[in-house]
Amino acid sequence: MNRAYLDKLFTVVLAGVLAGLALAAAALPAALVFGLGVKNLMPYTALPEALKTPQPAQRSNLYANDGRTLITSFYVEDRVDVPVAEVAPVMRDAIVAAEDVRFYEHHGVDVRGVARAFTANRREGTRQGASTLTMQYVRNALAGDPRLTEEQRAAATEITVGRKIREMRYALTLERQVGKDEILGRYLNIAYFGAGAYGIAAASKRYFSTTPDRLTLAQAALLAGLVRSPADDPINGDADAAVQRRAYVLDRMVETGRVNAADAEAAKATELALKPNTTPNDCAAVPADHNDWGFFCDWFTQWWNAQPAFGENVDERQRTLRRGGWKIVSSLDPDVQAKASEQVREIYPETIARAAPTAVVQPGTGRVLAMAVNRTYGTAANPAGQQNFPNTVNQLVAGGGGITGYQAGSTFKLFALLAALESGLPLDTEFDAPRVYVTQYPVGAGPASCGGRWCPENANTYWMDGDRDMWDAFGRSVNTYFAWLTERVGADRVVEMAQRLGIVFRAPADARMAREGARSWGPFTLGVSATTPLDLAGAYAAVAAEGTWCRPTPVTSITDPAGRTVAAGNTDCRQVLDTEVARAAADASRCPVGDQSMYRRCDGGTAEELAPGLRRPVAGKTGSSERNATETVVAFTPQLSVATIAANPDDPRDAVGGGVQKRQIAAVGRILAWSLRDEPVRDFVPPGQAVAFQHTSPRTGN
């Protein structure tokens, strides 16, 4: 059956539907009328969900935490719905004049249009159609609904008698249930205008960098003309053809009385005056002057892909993101991000193969305010042997995608401190720390092995050896004190504490050790497991928040196209430590960074210069891995937690050296000072006397 014959048959059937049985009998052979059946020509009694509650693919927008600064968008079709009331009247008039002049007169199917098309097709052998604007909308809505299968969507545009009949019946039903203006609005939101712009909002932006409510007559006529011939878009296609289509639409608007002739002629004489504007798509399209946002954006997509609320697997979740029209207000603070990026480059410039990935986390919410690293986010070529320098899209700050992390050294002593406090040991637990301490934990050959037993030593005998309690042992980072403390509470308790505070074992060997050998993993206390700045900042943030650990999150809120808030955007927080335990750990953590504990027990620290420059209560810890292969600094206040790790992601054998830690301390201090410049000074709540000075039963709850 050829296309011309189908067109004739469609229009004949359509005439029969709308003119009634008497007219159908006069226009068609009786056998055809009765063969089709009256029932099959009647409107449907109900609409499918695709027409009842349409969900055309819309772009999702990712904003900074102010809800206005666009980071990027995600889409397969650049579309965002707008209410018909927000579309300029000239645009509404133009699309009706171009596509369906009798739109406000018919009931979904136009009898006159059918008769005209039938006559023209029979006389001229053309393929003139008679689809109303309503019928076109039905076709587009069914073809683009993401809830339908590929087969169902394909059936919406197939060239068959059945499809045309279904389309007519749905159009008749739709107009019984939905008002004309609503249908017009839906049509304008779903139509394709060429140049990758779906819907009137995207088209207004794409061609003229404006919004639908501000379109002029000339602009509206141009856009209306593109619906019939999107390949003629004046950006990538045939500008002359687009101008001719504009003139046709203007003439039709004059014929229908929507515009007077003088205004139409003036619009015809108007230059196109295009102001092309592209919508960014995906993380590689973040603004060029904010390339550093790309790493946060990349981590956001990792987070989204892990959310079961958006689909059963990663593919479904990505389809949901790119078709769902979400407004995602992220946790990224552009000011904090800018300062973090600036300070990271004070540690290492972009010309250095060594990296300083840095994360800034808000205690009590887990919201990530900044993720910075001295790299360019992108896929441009790198020198031989350099996977992540100077360009990368790998997640150097948060890990994942092959990045397992970096050793964080003595910052892991926090987990032994917490495990000991939780077991009932007080902060003033004393131990005469020797230069070398031989433990019960078996290890292989190496500098920290004494007859097959792990035997760490202190880095500075004069400054570290001797009688220590938790305050000054943590402040001075006394290795042998924490090796002894780990034996007392059990290495498995220390490992479990780290996991409880969000440390993820991404390296297979670390994950296996945590799962199968935690009881013998004494060296874990000194930070031999790979971690990331984000995990570390989140763990210390739990101490800052008095024991409330919040899963690090890149979002503040997520709303659907109807403005409804989605629960997946809520924070995920839980009390994982006894409040007194967390307060005691925060008190001891003031010692390393030059602050003073509530009980005046701090006596020396590895980053004493940090607190005086900040001039507000602060806590934290430094860490150095073996041979100074990596250097780490973590600092926190009740309002903010910052962690930075210096490492070479492409060559772990490239030891960064201890000298970089001074620059890290200064950078972390400046990030905190800048980020908190307008925030009130808040102090830590002091721990009670019991947790500071008394042995008790295990402290496992509030």
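Each value, and the rule that gives it
- Residues numbered from 1 in each chain as written.
- Predicted model: local features only at pLDDT ≥ 70, side-chain atom pairs only at ≥ 80, totals over all residues.
- Heavy atoms only, no water.
- Helix = DSSP H or I, 4+ residues; strand = E, 2+ residues; numbered from the N terminus.
- Buried < 20%, exposed > 50% of the residue type's maximum accessible area, 1.4 Å probe, protein only.
- Contact = heavy atoms within 4.5 Å.
- Axes fitted to C-alpha atoms, helices over the stretch in contact; angles between N-to-C directions.
- Left-handed = near helix turned anticlockwise from the far one by under 90°.
- Nonpolar A, V, L, I, M, F, W, Y, C, P; charged D, E, K, R; others polar.
- Salt bridge = Lys/Arg side-chain N within 4 Å of Asp/Glu carboxyl O.
- Pairing = 2+ DSSP bridges.
- Expected span 1.5 Å × (residues − 1).
- Polar contact = N/O pair within 3.5 Å; in protein donor to acceptor, adjacent residues only side chain to side chain.

(A) Summary view of the environment of Pro334. Summarising the element assignment, Pro334 is placed in helix 16 (residues 334-347). Taking the relative accessible area as the measure of exposure, Pro334 reaches 21% and is therefore partly exposed. Between the C-alpha atoms of Pro334 and Ala588, which are 254 residues apart in sequence, the distance is 32 Å. Apart from the residues within four sequence positions on either side, Pro334 is in contact with Ala64, Asn65 and Trp293.

(B) Spotlight on the packing of helix 10 (residues 200-208) against helix 11 (residues 217-228). Interhelical geometry of helix 10 versus helix 11 gives an angle of 115° and a closest axis separation of 11 Å. As for how helix 10 packs across helix 11, the hand of that crossing is right-handed. Where helix 10 approaches helix 11, its residues Ile200, Ala203, Ser204, Tyr207 and Phe208 are matched on the opposing element by Gln219, Leu222, Leu223 and Leu226. Residues belonging to the contact of helix 10 with helix 11 are distributed by class as follows: 7 nonpolar, 2 polar and no charged.

(C) Looking closely at the pattern of salt bridges. Inspection of the entire model under this criterion finds 37 salt bridges. Residue Asp251 is joined to Lys268 by a salt bridge in which the shortest nitrogen-to-oxygen separation is 2.5 Å. One end of the pair, Asp251, is in helix 12 (residues 239-255); the other, Lys268, is in helix 13 (residues 261-268), with 17 residues separating them in the sequence. Between Arg677 and Asp335 there is a salt bridge, with its nearest N and O atoms 4.0 Å apart. With Arg677 in the loop between helix 26 (660-675) and helix 27 (689-693) and Asp335 in helix 16, this pair connects stretches of sequence that are 342 residues apart. Relative accessible area serves as the criterion here: at 43%, Asp335 is assigned to the partly exposed category. Bridged by salt links that share partners, the residues Glu422, Arg493, Glu496 and Arg500 form one connected network.

(D) Focus on unusual backbone geometry. Backbone torsion omega between Phe389 and Pro390 reads -5°, so that peptide bond is classified as cis. Take Pro390: it is sitting in the loop between strand 6 (376-377) and strand 7 (391-392). Its identity as a non-glycine residue notwithstanding, Arg615 has a phi of 60°, on the positive side. Along the chain, the position of Arg615 falls in the loop between helix 25 (610-614) and strand 17 (619-624). One non-glycine residue, Arg627, lies in positive phi territory at about 65°. The residue Arg627 is located in the loop between strand 17 and strand 18 (631-636) in this model.

(E) Summary view of the sheet that holds strand 15 (residues 555-559). The 4 strands are arranged 2-1-3-15 in an open sheet whose pairing can be described as mixed. Sheet topology places strand 2 (70-74) and strand 15 at the edges, where each strand pairs with a single neighbour. Recorded for the sheet is a direction-independent mean angle of 15° between the axes of neighbouring strands. Examined bridge by bridge, strand 1 (residues 60-63) and strand 3 (residues 327-330) share 3 bridges and lie parallel to one another. Paired with Tyr63 across the bridge in strand 3 is Val329. Contacting strand 1, strand 2, strand 3 and strand 15, helix 14 (residues 293-305) crosses the sheet at an angle of about 45° to strand 2.

(F) Just helix 16, in detail. Along its 14 residues, helix 16 runs 20 Å from first to last C-alpha, staying within 8% of the 20 Å computed at 1.5 Å per residue. Residues of helix 16 that are buried sit in contact with helix 14, strand 4 (358-361), strand 5 (368-372), strand 19 (641-646) and helix 26. With a side-chain oxygen positioned 3.0 Å from the backbone nitrogen of Asp335, the residue opening helix 16 is Asp333.

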